[in-house]
Amino acid sequence: EPEVTQTPSHQVTQMGQEVILRCVPISNHLYFYWYRQILGQKVEFLVSFYNNEISEKSEIFDDQFSVERPDGSNFTLKIRSTKLEDSAMYFCASSDGTATRPQHFGDGTRLSIL
Amino acid sequence: RKEVEQDPGPFNVPEGATVAFNCTYSNSASQSFFWYRQDCRKEPKLLMSVYSSGNEDGRFTAQLNRASQYISLLIRDSKLSDSATYLCVVNKGGNKLVFGAGTILRVKS
């Protein structure tokens with residue numbers, strides 16, 4: 001069964017440094033997403049991306065965050081200057097449509113900010 | 001009121017038991033509904049979509065009541081491997097999934 005893959009599985013970074021989280025969505029999917037889950041809390045939406053542009057973003061997704069589809073397979077999340085509160089699991093997801101179509105999640109990147 | 005509300009549990013049940021989870025959502029314009037399961041520190045995995053007519057997948061049955069803004073999941077003949085957190089998830093339209101905090105299920109032998 002096709003799956004969403006994410007790298008790295010764990011990233012440890014000093015506060016203030018930039019990080020890039022990488023994702024390879026399912027190959028025939030056109031809609032891509034990032035979510036995060038702080039330890040012990042619920043999964044929260046960050047951003048959705050379609051046709052090479054952001055289609056929706058949450059309040060969490062401020063100017064420190066950006067997304068990019070640099071080539072035909074990868075989808076990245078960049079955090080420019082990390083803060084302690086950015087420590088969380090970051091999940092990439094993809095779908096073959098919006099609204100009624102389910103989103104399929106990668107196994108996540110655990111981001112630890114020191 | 002929370003956008004998606006679930007009983008946090010935990011539900012501790014013996015193997016073979018039937019267990020039901022409930023979920024309510026606040027936005028009457030919500031378009032689609034799902035149950036995901038999440039194992040400890042893992043990704044959410046789609047369990048099933050939820051349709052207005054109700055739907056079944058093996059031991060799992062999901063129901064949706066749009067008038068009451070209520071979703072349910074029934075698990076019959078519980079297995080040890082069903083132990084997980086069950087996430088009620090709603091799409092209000094567009095791209096954003098809204099997750100409930102999850103209901104913990106522990107199935108014991």
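Rules used throughout
- Residues numbered from 1 in each chain as written.
- Chains lettered and ligands numbered in written order.
- Predicted model: local features only at pLDDT ≥ 70, side-chain atom pairs only at ≥ 80, totals over all residues.
- Heavy atoms only, no water.
- Helix = DSSP H or I, 4+ residues; strand = E, 2+ residues; numbered from the N terminus.
- Rg over C-alpha atoms; globule rule 2.2 N^0.38 Å.
- Buried < 20%, exposed > 50% of the residue type's maximum accessible area, 1.4 Å probe, protein only.
- Pairing = 2+ DSSP bridges.
- Axes fitted to C-alpha atoms, helices over the stretch in contact; angles between N-to-C directions.
- 1 Å grid on protein atoms, 1.4 Å probe; cavity = no way out; pocket = protein on both sides within 12 Å on 5 of 7 lines; lining within 4 Å.
- Points joined across faces, edges and corners; volume = space filled by probe spheres on them.
- Nonpolar A, V, L, I, M, F, W, Y, C, P; charged D, E, K, R; others polar.
- Disulfide = S-S within 2.5 Å.
- Contact = heavy atoms within 4.5 Å.
- Polar contact = N/O pair within 3.5 Å; in protein donor to acceptor, adjacent residues only side chain to side chain.

### Notes on the overall build of chain B
Scanning chain B from N- to C-terminus turns up zero helices and 11 strands. Its C-alpha radius of gyration of 13 Å places chain B within 12% of the 13 Å reference for a compact globule of 109 residues. When the backbone C-alpha atoms are referred to their principal axes, chain B occupies close to 40 × 30 × 20 Å. Of all 109 residues assigned to chain B, the portion counted as buried reaches 47%.

### Structural notes on the sheet that holds strand β3 (residues 19-25) of chain B
All names here are of chain B. Sheet architecture is open: five strands sit in the order β1-β3-β8-β7-β6, paired in antiparallel fashion. Sheet topology places β1 (4-6) and β6 (55-57) at the edges, where each strand pairs with a single neighbour. Direction aside, the axes of adjacent strands within the sheet are offset by 20° on average.

### Details of empty space enclosed by the protein
Residue and element names in this part refer to chain B. The final tally for this structure, using the stated rule, is one cavity of 30 Å³ or more. In this structure, the largest cavity occupies an estimated 40 Å³ of space. Lining the largest cavity are E3, V4, Y25, S26, N27, S30, V90, K92 and V98. Here the residues of the lining of the largest cavity are counted per class, giving four nonpolar, three polar and two charged.

### Focus on the state of the cysteines
Tallied over the entire structure, the rule returns two disulfides over all chains. Each sulfur in the disulfide pair A:C23 and A:C92 lies 1.9 Å from the other. With the S-S bond torsion at -65°, the cross-link from A:C23 to A:C92 turns out left-handed. Here the residue A:C23 occupies a position in strand β3 (residues 19-24), and A:C92 occupies one in strand β9 (residues 88-95), the gap between them amounting to 69 residues. With its sulfur 2.0 Å from that of its partner, B:C23 forms a disulfide with B:C88. Every disulfide takes its handedness from the sign of the S-S torsion; for B:C23 and B:C88 that torsion is -75°, giving left-handed.

### Regarding the environment of B:N55
Residues and elements named next belong to chain B. One can find N55 in strand β6. Measuring from C-alpha to C-alpha, the distance between N55 and G16 comes to 21 Å, with 39 residues separating the pair along the chain. Non-local contacts of N55, meaning those with residues more than four positions away in its chain, are made with M48, S49, V50, F60, T61 and A62. At 3.0 Å, the side chain of N55 forms a polar contact with the backbone nitrogen of Y51.

### Notes on the layout of surface pockets
Its boundaries defined by the atoms lining it, the largest pocket holds a volume of some 520 Å³. Residue lining of the largest pocket: 26 residues in total, with A:Q37, A:L39, A:G40, B:Q38 and B:R41 positioned closest to the centre. Partitioning the lining of the largest pocket into residue classes produces 13 nonpolar, eight polar and five charged. Empty space within the second largest pocket amounts to approximately 420 Å³. Residue lining of the second largest pocket: 21 residues in total, with A:E1, A:P2, A:E3, A:H104 and A:F105 positioned closest to the centre. Listing elements by their share of the lining of the second largest pocket, those giving two or more residues are β10 (104-105) of chain A together with β5 (44-50) of chain B. Tallying contributions element by element places β5(B) first for the lining of the second largest pocket, with three residues. For the lining of the second largest pocket, the class distribution of residues is eight nonpolar, six polar and seven charged.

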